[in-house]
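Read off the chains here:
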Amino acid sequence: MTITLALPSKGRLKEQALEVLQKAGLTVILPKDQRNYRAQVDGDSKIDILFLSASEIARELGYGSVDLGVTGEDLIRETLSAADERVQIEARLGFGHADVVVAVPEVWHDVSTMADLDDVAAEFRQRHGRRLRIATKYWRLTQQFFSTMHGIQVYRIVESLGATEGAPASGSADIIVDITSTGSTLQANHLKVLEDGVILKSEACLISSRKNADPAAVAALAQRIKDALGSR
Amino acid sequence: MTGSRAPVFASDLAALISARDAELVDIPVIQPADQFLDMAGEDLRRRIFLTENENGQSLCLRPEFTIPVCRNHIELNAATPKRYAYLGEVFRQRREGGNEFFQAGIEDLGDANRARADARSVADAIASIRLVAPNAELETLLGDQAIFEAVLAALGLPRGWQKKLARAFGNPGQLKSLLADLSSNQNNGSLPERLAVLVAKGDEAGLAAELEQDMQAAGISPGAGRSPHEIARRLIEKANLASVKLPAQAFAALETFLAIRVPVQTAATHLRTFARANEFDLGPALDQFEARVVAIREAGIGQENIVYDAAFGRPLDYYTGLVYETRALNNLDLGAIVGGGRYDRLLTMLGAVDSIPGVGFSIWLDRLEKIAGGAQ
């Protein structure tokens, strides 16, 4: 039986994922045609490589239609409900670092914690005739962090598919939840991260589906990659 | 997945509630989603069935009746007082139980005699359960947001703290961590010197002028969201609060209050004793509570097992007074068979021009069906 391993289809994530496999002695023979999304491992016909977008990998792992995958923890936790019941993080790969954070305009000098934000959200409707608006593409993470962890119920999510950090200036939202790695984009947009506003410290991970077809083979492959990471 | 079949007692129940001076209304199954997300919060998003129409407007399958019934009342510009009854399917994503189930209930809008309307709501709810499960052992838990707020005011806490604690009513974990926070120091973080000076002087106008310049420099429109004045005021408020500590005595009084759990028939006496012992004046909230207890007796449900739990509440900002739920003692794991409460703020939030008081309840018919089977 073959195992399907999904890898990010482009960019730095793809290169770094291939490097990790290389270290584990798995050389991926890239297809000659760049438009082909399948590949093989040199000398191992039992592994199918599938190139997908990082968020598709998260979704397919949830369905169990791929057995293993490399993608960001943020996408796993955002895409899948009850993620830990459906997938398992086998290893943290040490690249693709990004924090999912709550950021507010710098000029909100009175807001430095989630407790402050709770006060602001509670009175927002009374003052402005609408709920506080949060721009994000991470609606699940936002909702869990605000509602479940901090008991903040009254806000609205404005789904944002790009340039989230521009939302407060453009007036489409008041604050944002987004990923940041260096913080420079936030700074350029006059936004600051709340002191207790880090929702998730994400990085690229090797992840297995709990619905995988061949647990023994998946575990062995995951172990092989983990061993290679440990020895670097 | 269980199918959507009206329980056998549905028509009898519809007859009972509509015979209680309430007009049976039809509410469309497909509803605009915004009204629910605006009122109940984004937490609801993962529990409702959302879709979009061609223009990108969010629609959902009716997740509950109270909000659309109130909206319907506002749109019809109907006269008050007015009572509405409903019975129909609701749709929610649940981890257990089916996604489609039936609810029935009564919404009582515009009755100025709140004590009587409250008692009537509880009586209607219990009568509805008794119709189907006459012998079930019931317990009705009753809470009161207004009493809690009166206790917070009597404690002499700063307004900001009162509001914060009032929001956590009914959420013991959050209340506890808030109390811990309030006993410790809060600060404004690292404020630039030019602002810190103005905060120390309490110069709201000067501060707002500085903040407005900052906003313009950052490309944020000072008129679009939080205004410079709003931020300035809160900065000064926070600086003042930082020096206040929650006295141990106030903390102890609050703990004593939250532990009160007594039969509703004796609850008013209990609250008066508590108030006297702490030299609190609970004012109109306690008078209203007492009037409600009398009305409960007059509504003929004085012999029911109704318990006042001082810590019981729902952390949603449209609930203003009474909240209650009825459970079956032999089926506690089912949760509430009925949930009800007073929502005097809801109709204004939904766009009513005049303030219209409201109280209502919803029965979970799938749960009612289970206790009916078990109790007979």
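With that out of the way, let us pick up the overall build of chain A. Of regular secondary structure, chain A possesses nine helices and 12 strands. Its C-alpha atoms put chain A at 65 × 35 × 35 Å along the principal axes. Across the 232 residues that make up chain A, the buried fraction comes to 55%. Pairs at least 24 apart in sequence give 70% of the contacts found in chain A among residues at least 6 apart. Total accessible area on chain A is roughly 10,100 Å²; 48% of this is exposed by carbon and sulfur atoms. For chain A, the distance from the average position of its 27 positive side-chain charges to the average position of its 31 negative side-chain charges is 4 Å.

So, on to the sheet that holds strand 4 (residues 58–61) of chain B. All names here are of chain B. Reading across the sheet, the three strands line up as 2-4-3 and stay open at both edges, with antiparallel pairing between neighbours. Two strands close off the open sheet at either side, each with one partner strand: strand 2 (30–32) and strand 3 (50–52). If you compare each strand with its neighbour and ignore which way they point, the axes differ by 40 degrees on average. In the sheet, strand 2 pairs with strand 4 via three bridges, with the strands oriented antiparallel. Paired with glutamine 31 across the two strands is cysteine 60, which belongs to strand 4.

This brings us to the nonpolar core. Nonpolar side chains in soluble globular proteins generally cluster together in the buried interior. Membership of the largest hydrophobic core comes to 77 residues, with the highest contact counts inside it found for Phe257, Phe289, Tyr308, Leu368 and Ile371 of chain B. Every residue in contact with phenylalanine 257 of chain B, bar those within four places of it in the chain, is listed here: Ile147, Phe148, Val151, Leu271, Phe274, Tyr308 and Ala310 of chain B.

What follows deals with the interface of chain B and chain A. The interface is formed by 39 residues belonging to chain B together with 36 residues belonging to chain A. For the chain B and chain A pair, buried surface summed over both sides reaches about 3,400 Å², with 46% attributable to carbon and sulfur atoms. On the chain B side of the contact with chain A, Glu42, Arg226 and Arg234 of chain B bury the most area, a combined 18% of that side's loss. The partner of aspartate 116 of chain A in a salt bridge is arginine 234 of chain B, with the nearest N and O atoms 2.9 Å apart. For the interface between chain B and chain A, the tally reads 23 residue pairs in polar contact (both at pLDDT 80 or more). Every element with two or more residues in the side of chain B that touches chain A is listed here: helix 2 (34–40), helix 6 (159–167), helix 9 (204–218) and helix 10 (228–241) of chain B. The greatest single-element share of the side of chain B that touches chain A, amounting to six residues, is contributed by helix 10 of chain B.

All right, on to unusual backbone geometry then. Peptide bonds are trans in most cases, and residues, glycine excluded, mostly fall at negative phi. For the bond running from threonine 80 of chain B to proline 81 of chain B, omega is -5 degrees, close enough to zero to count as cis. Structurally, proline 81 of chain B can be placed in the loop between helix 3 (66–76) and strand 5 (82–91). One non-glycine residue, histidine 190 of chain A, adopts positive backbone phi at about 60 degrees. Mapping histidine 190 of chain A onto the fold places it in the loop between helix 8 (184–188) and strand 11 (191–202).

This part is about the side chain of serine 202 of chain A. All names here are of chain A. With respect to the element layout, serine 202 can be found in strand 11. Judged by relative accessible area, which is 4%, serine 202 ranks as buried. A polar atom in the side chain of serine 202 sits 3.4 Å from the backbone nitrogen of glutamate 73. Looking at serine 202, its side chain comes within polar contact range of the main-chain nitrogen of aspartate 74, at 3.0 Å. With near-sequence residues (within four places) excluded, serine 202 lies in contact with Gly72, Glu73, Asp74, Gly96, His97, Ala98 and Asp99.

What counts and what doesn't
- Residues numbered from 1 in each chain as written.
- Chains lettered and ligands numbered in written order.
- Predicted model: local features only at pLDDT ≥ 70, side-chain atom pairs only at ≥ 80, totals over all residues.
- Heavy atoms only, no water.
- Helix = DSSP H or I, 4+ residues; strand = E, 2+ residues; numbered from the N terminus.
- Buried < 20%, exposed > 50% of the residue type's maximum accessible area, 1.4 Å probe, protein only.
- Contact = heavy atoms within 4.5 Å.
- Areas by Shrake-Rupley, 256 points an atom, 1.4 Å probe, with all protein chains shown as cover.
- Lys, Arg positive; Asp, Glu negative; His and termini not counted.
- Charge placed at Lys NZ, Arg CZ, Asp CG, Glu CD.
- Pairing = 2+ DSSP bridges.
- Axes fitted to C-alpha atoms, helices over the stretch in contact; angles between N-to-C directions.
- Core = buried A, V, L, I, M, F, W, Y, C linked by side-chain atoms within 4.5 Å.
- Buried area = accessible area lost by both parts, 1.4 Å probe.
- Salt bridge = Lys/Arg side-chain N within 4 Å of Asp/Glu carboxyl O.
- Polar contact = N/O pair within 3.5 Å; in protein donor to acceptor, adjacent residues only side chain to side chain.

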